[in-house]
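# Per-entry structural report
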Amino acid sequence: MSCALLLLLMSLALAMGTGAAVEIQRPRGVPLSKRQFYEENKPFTCLDGSSTIPFDRVNDDYCDCRDGSDEPGTAACPNGSFHCTNAGFRPAFIPSSRINDGICDCCDTTDEYNSGATCQNTCREMGRKERESLQIMAEITKEGFLLKQQLIHEAKRGQEDKQGKLTELQGSKKGLEEKVEALRTVKETAEDPEKEAKERHLKAWEEQKELLRMEKDKTRMAEAFLELDDDADGYVSVAELQSHLELDPDSDGSLSETETQVSQGQSEPPAPVETPQEESRDFVSDHDSDHYPEDYAGEEEEDVEDDEEDDHDEEEEEEKVTPEKREDDEVSMPPYDTETQSLIDGTYSHLQSLICDPECISICRNLEKEIGFDFGPSAEFAYLYSQCYELSTSEYIYRLCPFNRVSQKPKFGGSETNLGLWGQWAGPEGNLYSVMKYDHGQGCWQGPNRSTTVKLTCGKETVVTSTSEPSRCEYLMEFTTPAVCQEPASLDEVLHGHTEL
Amino acid sequence: MKLWVCTTEEFPHKLSETVSGKLIFVMFTICTSMRQRALKPGQSPYRALLETLELTNTKLTLQLINDNNKVRLLLELYRLQGNMTRVKINELKPLKPRFEVPDVLINNPPTEPLSLLSQDENGVVLSLGADSQWLIVSAKPFRLDIMEGREVLLSLNSRGLLAFEHLRIPLLTALANGLKRTSNPFSLLFPFSFSPPQYFSPALSIGLHEDGMWEETFKSHTDNKPNGPSSISLDFSLPGVEHVYGIPEHADSLKLKTTDGGDPYRLFNLDVFQYELFNPMALYGAIPVMLSHSAQRTMGIFWLNAAETWVDISSNTGSSETPQTDVRWISESGIIDVFIMLGPTPTDVFSQYASLTGTQAFPPLSALAYHQCRWNYNDQEDVAAVDQGFDEHDIPYDFIWLDIEHTDGKRYFTWDPHKFPQPKDMLQGLMDKRRKMVTIVDPHIKVDSSYKIHNEIRSKGFYVKNKDGGDYEGWCWPGNSGYPDFTNPEMRAWWASMFAYDQYEGSMENMYTWNDMNEPSVFNGPEVTMHKDALHGNWENRDLHNLYGLYVQMATAEGLIERSGGVERPFVLTRAFFAGSQRYGAVWTGDNTAEWEHLKISIPMCLSLGLVGVSFCGADVGGFFKSPSTELLVRWYQTGAYQPFFRAHAHLDTPRREPWLFGPENTALIREAVRQRYALLPYWYQLFYHAHHSGQPVMRPLWVEYPQDTATFSMDDQFLLGRDLLVHPVTEEGGRGVTAYLPGKGEVWFDVHTFQKHNGAQNLYIPVTISSIPVFQRGGSIIPRKARVRRSSSCMEHDPYTLFVALSPKRFAQGELYIDDGHTFNFDKQKQFIHRRLSFANKALSSRNLAPGSQFITPSWIEKIVILGASKPSKATLKTPDGKENLLEFEFDASMSVLTLRKPGVNAGVDWTVVLQ
């Protein structure tokens with residue numbers, strides 16, 4: 001029982017069995033690459049050089065070498081390893097402790113030669129399956145990689161656009177400032193000292209009027225700016241607004257004109273909107289997938305579809321209502337003898353309000369923020385920005401909004417739970433962009449704040465494939481995207497690159 | 001509403017300083033405790049009526065009378081085989097029977113005749129056998145003294161604390177109420193003088209009125225006491241004794257502390273949330289057995305009572321007199337039935353107790369390996385991934401566990417259809433790896449008319465009843481739950497039948513069971529347990545509370561045996577236990593916490609259990625509540641690897657902590673600890689065979705083996721496994737070294753890792769690193785190991801043995817080798833085992849059969865013999881029974897005096913001798 005096996009060579013069995021493969025003789029469990037160290041009938045020197053033993057002590061089921069190298073084919077050494085050839089599949093090393101333990105580890109059955117375990121040689125079947133799956137994977141990788149190139153291209157353009165827009169916004173601000181300066185000169189010149197007395201009378205009224213106007217202007221201009229899109233039209237409309245104001249200095253009519261101009265100048269959908277979220281909505285509308293207003297405030301329980309519908313409704317309503325509103329808002333003006341003066345005043349104030357408009361500043365900031373995101377080495381993940389992806393399980397609907405948040409909503413009622421806000425890329429060294437980490441989600445009772453790890457794998461589709469909660473309040477999400485597809489090696493290389501035989 | 005009716009304003013103040021959990025436990029049962037503890041030592045009102053003495057072959061009976069109330073008690077004295085005395089006291093004519101604990105003693109203990117040596121009007125003297133031992137019964141006041149020669153070993157009622165609240169009719173309440181204004185009704189029962197305990201104000205002794213005797217109220221709970229007060233008490237004095245141990249379960253030091261001025265040790269099975277350490281509060285289990293030890297003698301007191309019980313300990317340590325420890329037992333109901341185990345050695349006491357309540361169940365070998373548990377492994381994929389993780393990281397494990405979340409809505413015996421849709425596939429996957437699973441089956445049953453188990457229990461009338469006769473219901477994991485009456489043998493038989501493979505759907509032979517929450521836990525019950533007036537047949541939960549958990553495990557273990565047709569040994573883990581629970585499986589120390597102090601306390605907690613029969617003990621590795629630091633986790637694995645039940649477990653809300661989640665270095669440390677466990681499994685198995693065979697604990701305090709070495713008497717930071725391994729785990733955060741005490745003057749100990757030899761009877765400072773687990777093998781012992789650690793213990797079944805022979809200074813060593821199939825009862829029923837004596841003497845190591853009637857064939861062989869403390873021989877010859885002689889090659893390490901004999905190759909089951917020349 002104990003020391004039965006000495007140099008049982010698998011080659012004979014194999015050769016007889018198949019009559020084809022030519023196996024080079026070597027002791028059991030030795031890989032081809034180490035064959036030369038095991039020369040029959042010559043003393044064997046442990047591979048760490050620690051000692052030399054007679055060759056009949058190789059694979060004699062007693063561990064003589066500290067490094068386990070004398071027992072490549074038995075379980076005698078605690079630190080040994082056994083080489084399975086696995087013809088038809090991939091060769092492998094297994095720990096010596098798995099030799100004759102009654103469990104089939106090598107698909108060629110060679111690890112169980114004396115345990116009574118009945119193992120089937122499954123190498124060919126496994127090889128076939130692996131080749132199939134590799135093939136599928138390779139195709140996916142190939143297509144995914146192509147998609148990725150496209151994504152990179154789009155992202156590059158998008159980034160440039162945004163950068164351009166930002167620059168222009170900043171530039172226009174500068175331009176406005178210059179114009180204000182110029183106007184002030186005009187204004188000062190135009191201000192006739194004779195009218196100073198009248199002006200004093202009017203001043204109180206003027207101020208009130210300007211206050212009202214400024215507020216209106218602010219709102220409308222914000223709307224205008226919010227229409228800014230990937231393309232620079234948004235800016236142009238602002239420019240038109242300016243020129244219009246100069247060309248048609250009717251202060252009462254200027255705003256509706258402006259609005260029209262803005263509407264003409266913007267991209268789909270042609271409606272003024274109220275919040276910065278809509279800016280990003282427009283940004284994502286180029287893509288096919290479901291989109292979702294970016295939730296800057298981290299607020300919970302917003303329903304995308306409803307929001308959008310509501311928005312449209314509001315837009316329509318607003319457009320209908322606007323003229324009336326305008327009339328309502330219209331200020332009945334006391335008699336004026338200096339229309340020009342007031343025009344100048346109005347334009348001046350209006351331009352000033354444009355410069356200092358907080359919404360405009362916020363747009364700039366958002367653009368800066370988006371541009372500042374780490375969307376991968378080639379910005380290939382940029383397309384995920386402001387998108388959301390859902391997965392429905394038996395109990396919950398999980399939603400991943402990349403670079404924003406992960407959430408979970410019970411299928412049959414109940415409030416949504418924040419599973420984490422965008423934290424950072426968290427892949428291992430050399431593969432940083434394979435894992436996303438979302439943290440600081442809703443707190444757990446007696447536990448940590450919820451967090452989610454998102455593992456990214458190459459796929460043609462962008463889709464959440466699974467979710468789990470391996471540890472309480474620590475979620476794991478699997479997500480496929482072309483953005484992580486690596487340049488595919490040639491299929492032949494994948495299939496045969498490392499195969500011995 | 002009065003929060004607490006039998007106490008006063010002062011007591012709640014004392015309580016409010018304690019944490020809430022403690023508050024609960026002190027308060028609810030304080031009435032009985034207070035009445036009884038209010039008794040102070042003095043002259044006993046009890047007198048023996050010698051004229052009623054009757055002596056038969058088996059026992060002596062004698063009536064006792066309380067001279068104050070004229071109530072008579074009946075005393076029965078038995079001399080039991082194996083040097084034990086049983087003292088039973090009951091009412092002579094109780095109004096109705098009082099509860100006597102069934103099913104704990106394995107038989108009616110065989111008696112030996114008592115002989116009357118002398119008798120006069122003061123008492124009688126009886127002979128207790130050959131060892132010049134006498135039992136003296138003094139008549140007035142009544143007391144018992146057990147003598148050896150002129151020395152008193154133990155006295156009963158020497159402090160006059162025998163008390164027996166006889167059953168009476170509630171009419172007395174009215175009477176007592178009438179008397180209340182003029183006198184203390186309590187004086188009807190205990191009219192002798194007593195001084196109030198120090199925590200009562202003097203005025204309070206008057207306030208100690210009838211309240212609480214017929215009804216107690218705690219928070220919103222009212223305990224109806226239809227039988228009125230029924231408590232009992234007795235004191236024991238132990239002259240010459242300074243150390244007492246046992247009465248688990250408490251999170252306290254091994255050596256029991258005096259309770260003067262504090263709370264008594266409480267025995268009342270409770271589901272305690274986040275228990276406190278160094279505290280006499282009741283925990284999940286109760287074993288009313290105390291051991292006393294001095295350099296001269298070891299004795300035991302087994303107080304067979306399953307009601308709530310308190311133990312007070314006082315000692316005169318520090319005074320100039322002869323040391324003495326006084327112990328007082330109080331129980332809420334039942335009778336006095338006490339077994340005095342007279343030793344005189346620790347081994348004798350273990351055998352004596354084993355002869356009464358049985359021995360440790362012999363577990364399947366794999367149950368001694370490593371268990372991976374968590375609340376919860378989420379689904380089949382999770383189980384498969386964890387299983388795979390162990391293989392990927394080359395860490396062995398044998399069992400993976402599923403907690404309550406695996407069920408369909410906490411309906412035990414079912415599976416969550418989404419998470420575990422194919423349990424048999426999962427179990428088959430584990431079986432393919434020669435691994436096993438444990439699923440949890442708790443005793444609370446969801447009240448749900450679509451649940452088969454509930455419907456059957458209800459229709460058969462098997463539920464515990466409330467005081468009004470309806471099914472008792474309480475809140476537990478599934479919501480509203482019923483509690484099967486496990487005290488009913490028919491219920492237990494039915495329960496056992498539910499484990500049949502065709503009843504427990506999805507179960508397979510590699511699936512075993514865990515009984516949790518069997519105190520029982522009732523979330524909305526008083527102190528999170530069952531109402532004391534709930535009914536088990538004719539008996540109240542009050543009478544048998546501490547037995548419930550034992551019965552649950554008993555029925556479950558029986559189920560696992562039955563499902564295999566009586567072939568396979570069961571494995572059942574329980575949280576609640578009582579005396580005798582050792583017969584049914586393993587226990588663990590419940591819901592501990594991931595803190596260093598909890599790691600440390602695991603040692604005395606398991607040592608205490610081992611002393612009173614329960615060898616198969618462990619604590620949750622890593623700590624259940626909270627999340628351990630990596631260092632704590634590693635140290636806990638290292639400690640747990642050398643404790644009997646080795647299972648990692650974690651609370652649902654804690655981060656995952658499978659061994660490979662803490663970086664490769666820590667993975668390697670944990671792997672090494674687990675591998676050490678696996679290599680040592682032959683020794684563990686042999687120790688459990690002995691525990692099963694003779695009741696000797698597996699994990700032992702040092703004093704058990706060095707009973708005269710007073711330095712060891714209070715030690716509980718290190719322990720022995722069997723006789724031969726001494727373990728001093730590192731349980732200090734940032735520990736740089738430990739000081740281990742190596743006992744035995746003239747003995748030597750060998751570091752099992754380095755083979756360094758150390759002298760006995762010294763404190764040895766051992767510098768440690770994070771990889772150190774200080775373990776020493778006693779010189780004079782032989783320990784078998786299996787060096788080929790594989791992914792599960794089953795995979796190692798046929799592997800060869802390595803023998804570690806550690807020579808004594810006289811160049812002698814002895815050990816054993818026990819082998820059987822590892823999982824069936826064939827070792828017992830068909831004597832299919834190998835049990836061999838290994839001995840080294842006169843430069844020869846030999847293996848001889850210790851069990852000539854046994855028979856077993858093993859393919860295992862002797863791979864290597866390592867002799868520690870050896871000198872270099874010129875040759876080594878192996879002689880086998882066929883007369884053949886073979887020269888063995890060997891290596892000799894002169895620096896450590898280690899001789900390694902290469903590959904004897906002889907079968908482990910045969911006779912052989914190796915001669916060194």
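Residues numbered from 1 in each chain as written. Chains lettered and ligands numbered in written order. Predicted model: local features only at pLDDT ≥ 70, side-chain atom pairs only at ≥ 80, totals over all residues. Heavy atoms only, no water.

As recorded in an unreviewed UniProt entry, chain B goes by the name Neutral alpha-glucosidase AB, listed as coming from Oncorhynchus kisutch. For chain B, the Pathway (unreviewed entry) comment in UniProt is given as "Glycan metabolism; N-glycan metabolism." (UniProt positions renumbered as here; feature names shortened; annotations may be inferred.)

With an unreviewed UniProt entry as reference, chain A is termed Glucosidase 2 subunit beta, source organism Oncorhynchus kisutch.

## Some remarks on the overall build of chain B
Of the regular secondary structure elements, chain B holds 19 helices and 53 strands. In terms of C-alpha radius of gyration, chain B reaches 28 Å, essentially the compact-globule figure of 29 Å for 917 residues. In terms of principal-axis extent, the alpha carbons of chain B reach across some 95 × 70 × 50 Å. Across the 917 residues of chain B, 65% fall into the buried class. Contacts in chain B between residues far apart in sequence, at least 24 positions, make up 71% of those at least 6 positions apart. For chain B, the exposed surface amounts to about 30700 Å²; the carbon and sulfur share of it is 51%. Put simply, chain B has 87 plus and 103 minus side-chain charges, and the middle of one group is 4 Å from the middle of the other. (Helix = DSSP H or I, 4+ residues; strand = E, 2+ residues; numbered from the N terminus. Rg over C-alpha atoms; globule rule 2.2 N^0.38 Å. Buried < 20%, exposed > 50% of the residue type's maximum accessible area, 1.4 Å probe, protein only. Contact = heavy atoms within 4.5 Å. Areas by Shrake-Rupley, 256 points an atom, 1.4 Å probe, with all protein chains shown as cover. Lys, Arg positive; Asp, Glu negative; His and termini not counted. Charge placed at Lys NZ, Arg CZ, Asp CG, Glu CD.)

## Focus on the UniProt feature "domain: Glycosyl hydrolase family 31 C-terminal" (unreviewed entry) in chain B
In the numbering adopted here, UniProt assigns the feature "domain: Glycosyl hydrolase family 31 C-terminal" (unreviewed entry) to residues 695-783 of chain B. Structurally, residues 695-783 of chain B comprises 4% helix and 38% strand, and the distance from its first C-alpha atom to its last is 20 Å.

## Focus on the UniProt feature "domain: Glycoside hydrolase family 31 TIM barrel" (unreviewed entry) in chain B
The UniProt entry lists residues 361-687 of chain B under the feature "domain: Glycoside hydrolase family 31 TIM barrel" (unreviewed entry), expressed in the numbering used here. A helix fraction of 34% and a strand fraction of 13% characterise residues 361-687 of chain B, whose end C-alpha atoms lie 12 Å from each other.

## Re the pattern of salt bridges
Tallied over the full model, the rule gives 69 salt bridges over all chains. Here Asp-101 of chain A makes a salt bridge to Arg-791 of chain B, at a shortest N to O gap of 3.0 Å. Of this pair, Asp-101 of chain A sits in the loop between β4 (92-95) and α2 (123-190) while Arg-791 of chain B sits in the loop between β43 (781-785) and β44 (801-806), on two different chains. Each member of the pair Asp-101 of chain A and Arg-791 of chain B is classed as buried. (Salt bridge = Lys/Arg side-chain N within 4 Å of Asp/Glu carboxyl O.)

## Quick look at the interface of chain A and chain B
With 30 residues of chain A in contact, the opposing surface of chain B contributes 30 residues. Linking chain A to chain B there are nine salt bridges. Close ionic contact of Asp-394 of chain B with Arg-98 of chain A constitutes a salt bridge, the shortest N to O distance being 3.6 Å. For the side of chain A that touches chain B, the element with the most residues is strand β11 (residues 463-471) of chain A, which contributes three residues. Taken together, the residues that form the side of chain A that touches chain B break down as twelve nonpolar, eight polar and ten charged. (Nonpolar A, V, L, I, M, F, W, Y, C, P; charged D, E, K, R; others polar.)

## A closer look at the state of the cysteines
Inspection of the entire model under this criterion finds nine disulfides over all chains. Unpaired in terms of disulfides, Cys-476 of chain B finds its nearest cysteine sulfur in Cys-373 of chain B, a separation of 17 Å. With no disulfide of its own, Cys-795 of chain B lies closest to Cys-104 of chain A among cysteine sulfurs, the gap being 11 Å. (Disulfide = S-S within 2.5 Å.)

## Digging into the packing of aromatic side chains
Tallied over the full model, the rule gives 63 aromatic pairs over all chains. Ring centres 5.7 Å apart and planes at 90 degrees place the aromatic pair Phe-486 of chain B and Tyr-548 of chain B in the edge-to-face group. Here Phe-486 of chain B, found in the loop between β27 (479-482) and α11 (489-497), pairs with Tyr-548 of chain B, found in helix α13 (residues 548-563); they are 62 residues apart in sequence, far enough to count as distant. Since its relative accessible area comes to 0%, Phe-486 of chain B is described here as buried. The exposure class of Tyr-548 of chain B is buried, given its relative accessible area of 0%. An aromatic cluster is present here, built from Phe-373, Phe-375, Phe-381, Tyr-385, Phe-403, Trp-422, Trp-425, Tyr-433 and Tyr-438 of chain A joined pairwise through their rings. Lying over the aromatic face of Trp-401 of chain B, Arg-647 of chain B brings its terminal NZ or CZ to 4.7 Å of the ring centre. (Phe/Tyr/Trp six-rings, centres within 6.5 Å; stacked < 30°, edge-to-face > 60°. Lys NZ or Arg CZ within 6 Å of the ring centre and 35° of its normal.)

## Side note on the confidence of the model for chain A
Mean pLDDT over chain A stands at 74; residues scoring 70 or higher make up 64%. Across residues 227-330 of chain A, confidence stays below pLDDT 50; counting only partners more than four residues off in sequence or on other chains, it has 150 contacts. (pLDDT = per-residue confidence, 0-100.)

## Details of the sheet that holds strand β26 (residues 473-476) of chain B
What the three strands build is an open sheet, ordered β25-β27-β26 (chain B); its pairing is antiparallel. At either margin of the open sheet sits one strand with a lone partner, and together these are β25 (445-446) and β26 of chain B. (Pairing = 2+ DSSP bridges.)

## Quick word on the packing of helix α15 (residues 630-640) of chain B against helix α16 (residues 663-679) of chain B
All names here are of chain B. Here α15 crosses α16 at 10 degrees, and the two axes come no closer than 8 Å. Judged on the interaxial angle alone, α16 and α15 are roughly parallel. The segment α15 lies against α16, with Thr-630, Leu-633, Val-634, Tyr-637, Gln-638 and Gly-640 engaging Asn-666, Leu-669, Ile-670, Ala-673, Val-674 and Arg-677. Tallied by class, the residues present in the contact of α15 with α16 amount to seven nonpolar, four polar and one charged. (Axes fitted to C-alpha atoms, helices over the stretch in contact; angles between N-to-C directions. Parallel < 35°, antiparallel > 145°, perpendicular 65-115°, else oblique.)

## Regarding the pairing of strand β51 (residues 890-893) of chain B
All names here are of chain B. In the sheet, β51 pairs with strand β52 (residues 898-902) via four bridges, with the strands oriented antiparallel. What sits directly across from Glu-891, in β52, is Thr-900. The hairpin formed by β51 and β52 contains four residues between the paired strands, and Ser-897 there has a positive phi angle of roughly 55 degrees.

## Examining unusual backbone geometry
At the junction of Gly-343 of chain B and Pro-344 of chain B, the peptide bond is cis and its omega measures out at 10 degrees in the coordinates. Of the consecutive residues Trp-375 of chain B and Asn-376 of chain B, the connecting peptide bond is found in the cis state with omega at 15 degrees. With respect to the secondary-structure elements, Asn-376 of chain B resides in the loop between β22 (370-372) and α8 (380-392). Within the chain, Asn-59 of chain A stands out as a residue other than glycine whose phi angle is a positive 55 degrees. The topology assignment puts Asn-59 of chain A in the loop between β2 (52-53) and β3 (81-84). Asn-59 of chain A sits in the buried class, given a relative accessible area of 2%. Here Lys-410 of chain B, not a glycine, exhibits a phi torsion of approximately 60 degrees, which is positive. Turning to its location among the elements, Lys-410 of chain B is positioned in the loop between β23 (399-402) and α9 (423-432).

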